[in-house]
Amino acid sequence: MTPSRPAARHARRRALALAAAAAVLALAGCSGASGAGPATTPPSPSPSATAAGCVADPARTIAAKPGAKTMSALPAETVAKLDAAAAKAFALGASPGAVVGVRTPEGTWTKAYGSADRAGTPMQVGMHTRIASLTKMYTATIVLQLAQEGKLKLDDTIAKYVDGIPNGDAITLTQLADMTSGVASYTMNDALLQKYFADPTAVYTPEEVIEAGAAVSPLFPPGKGFAYSNTNTVLLGTVIEKVTGEDVGRLMQTRIFDPLHLGNTSWPGTSAALPEPYARGYTLNGNTATPDAPTDSTDWNPSWSFTAGEIISDIDDLLTMGRALGTGQGLVDPATQTLRLTSFSEIGYGFGLSCSQGWVGHTGDLSGYNTSLFYDTATDTTVAVQTNSDIASGSCTTSPTLTDDPGDAICQTPAVRLLVALTGELGTAYVPPPRK
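Residues numbered from 1 in each chain as written. Predicted model: local features only at pLDDT ≥ 70, side-chain atom pairs only at ≥ 80, totals over all residues. Heavy atoms only, no water.

1. As for the sheet that holds strand S2 (residues 107-114)
- Spatially, S2-S1-S10-S9-S8-S7 is the arrangement adopted by the six strands of the open sheet, whose pairing is antiparallel. Either end of the sheet is taken by a strand with one partner, and the two such strands are S2 and strand S7 (354-356). Across the sheet, the mean angle from the axis of one strand to that of its neighbour is 15 degrees, orientation sign disregarded.
- With respect to the sheet, helix H11 (residues 315-327) is in contact with strand S1 (97-104), S2, strand S8 (359-366), strand S9 (369-376) and strand S10 (381-387), its orientation differing from that of S10 by roughly 135 degrees. (Pairing = 2+ DSSP bridges. Helix = DSSP H or I, 4+ residues; strand = E, 2+ residues; numbered from the N terminus. Axes fitted to C-alpha atoms, helices over the stretch in contact; angles between N-to-C directions. Contact = heavy atoms within 4.5 Å.)

Printed below as a string of structure tokens:
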């Protein structure tokens, strides 16, 4: 992260940073259905995400059985190609470190690159990071489980559970999950954003952020547009707690973490602590960061993201979760998973996850961390990437970047850049929406 561009560019990037941060936080890194830019503007869809049939054969995907070699090492030739692609992509990114993982029927490969902190501690496989908006997939999964159990209906309106939401008597739970509700992200509320950046260690309640999102809503009538919104998923978390009478963190544990044996995945609640070992995170968000000195945001409190972005995990647990989300195995029954794999709209977003080129999953940004997790429904392959920076690099015009970003590279966040490189070596490259 050594500066190498003129001081004039420093000033220009800093001027863009606060405005861009609002958009990035609103979108929370939803690959396949987002990108930089105003949260009110639907992103350009990926080429393969222009139809609801992004998953070619849902029944085949749901019935997939792990290969006998799945947990063994990938062949050396495959590893060499993946390692070379990852190393090249990592060098183009703006993250101190990264951990990548690939799991196919032929085996598993994981590797760490770079450093976990400014002191130069090597990044290691097994380090914990905040996985940000990947949390939305976990939250939406519990909603599907409750629907499967008859404890709620997906066409219930949010007004049945939460008062004060504009158009709440017409917005369904499905519209919250697929981002067509018209409810604005609370990160579009300037007053809340300024308050958050003034003290990122403060604790927020779900009610506070919901109120902030409702105050700048609606963006459009329910079902008449697309706007990626953290408020939507926080509302779903509130519904989960009201329907069950239980804390959502406990439900994450009993309904997802424990059944899938995700021993290194956790729900922090109002605590800013990460389990050891962990990577420190760096960002250009906030009031003090500059391209010369990104802010260490490791200890920023995650409570304001609630069920839209709080979960912490490591690479092995992500690989397990990615496959479970793609197949539904261990999470929901085949009928419910079929509904999920056929829920994608023309924009490429469905019930709490996105789809591009047959890859289903999510990417997440939370100041200091960028994570991607996708499952290829055609080849039973999972790719996971953790980085300890959410800073974009490349030929970016609005996304804040470091002064030493590679100007000849496409504008991307570090985890997405690695995801694209790795999937390209696996046959069908994931195609993210353009970032600016």
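After that view of the structure, there is still more to cover.
2. Focus on the packing of helix H4 (residues 135-148) against helix H12 (residues 334-341)
- As a packed pair, H4 and H12 sit with axes 10 Å apart at the nearest point and diverge in direction by 135 degrees. Our classification of the angle between H4 and H12 gives oblique. When the axes of H4 and H12 are compared, the crossing they make is right-handed. Here H4 contributes Met137, Ala140, Thr141, Leu144 and Gln148 to the contact with H12, which in turn contributes Thr336, Leu339 and Arg340. (Parallel < 35°, antiparallel > 145°, perpendicular 65-115°, else oblique. Left-handed = near helix turned anticlockwise from the far one by under 90°.)

3. Topic: the state of the cysteines
- Tallied over the entire structure, the rule returns two disulfides.
- Covalent S-S linkage joins Cys54 and Cys355, the inter-sulfur distance amounting to 2.1 Å. Every disulfide takes its handedness from the sign of the S-S torsion; for Cys54 and Cys355 that torsion is -85 degrees, giving left-handed. Taken as a pair, Cys54 in the loop between helix H1 (7-27) and helix H2 (58-63) and Cys355 in strand S7 lie far apart in primary sequence, 301 residues in all. No difference in accessibility class separates Cys54 from Cys355, as the two residues are buried.
- The partner cysteine of Cys396 in its disulfide is Cys411, sulfur to sulfur 2.1 Å. When the S-S torsion is 100 degrees, as for the bridge of Cys396 with Cys411, the disulfide is right-handed. (Disulfide = S-S within 2.5 Å. Buried < 20%, exposed > 50% of the residue type's maximum accessible area, 1.4 Å probe, protein only.)

4. Section: the environment of Ser303
- Here Ser303 is to be found in the loop between strand S5 (295-296) and helix H10 (306-309).
- Separated by 33 residues in sequence, Ser303 and Thr270 place their C-alpha atoms 5.1 Å apart.
- Not counting residues up to four positions away in its chain, the partners in contact with Ser303 are Ala202, Val203, Tyr204, Gly269, Thr270 and Glu310.
- Looking at Ser303, its side chain comes within polar contact range of the main-chain nitrogen of Tyr204, at 2.9 Å. (Polar contact = N/O pair within 3.5 Å; in protein donor to acceptor, adjacent residues only side chain to side chain.)

5. Some thoughts on the nonpolar core
- If you look at the biggest cluster of nonpolar residues, it comprises 74 residues, and the most contacted ones within it are Tyr138, Ile158, Ile165, Ile256 and Met321.
- The greatest single-element share of this core, amounting to seven residues, is contributed by H4.
- Not counting residues up to four positions away in its chain, the partners in contact with Tyr138 are Ile131, Met252, Ile256, Phe257, Thr265, Ile311, Leu318 and Met321.
- Judged by nonpolar contacts, the second largest core, of 21 residues, contains Val102, Trp109, Ala421 and Leu422. (Core = buried A, V, L, I, M, F, W, Y, C linked by side-chain atoms within 4.5 Å.)

6. A short note on the pairing of S10
- A large share of S10 lies buried, amounting to seven of its seven residues.
- Neither face of S10 is left uncovered, since the one carrying Thr381, Val383, Val385 and Thr387 and the one carrying Thr382, Ala384 and Gln386 both have all their residues buried.
- Pairing of S1 with S10, which is carried by six bridges, proceeds in the antiparallel orientation. Of the residues in S10, the one forming a bridge with Gly101 is Ala384.
- Where S9 meets S10, seven bridges bridge the pair, whose relative direction is antiparallel. What sits directly across from Thr371, in S10, is Gln386.
- The antiparallel pairing of S9 with S10 creates a hairpin that spans four residues between the two strands, and Asp380 there sits at a positive phi of about 60 degrees.

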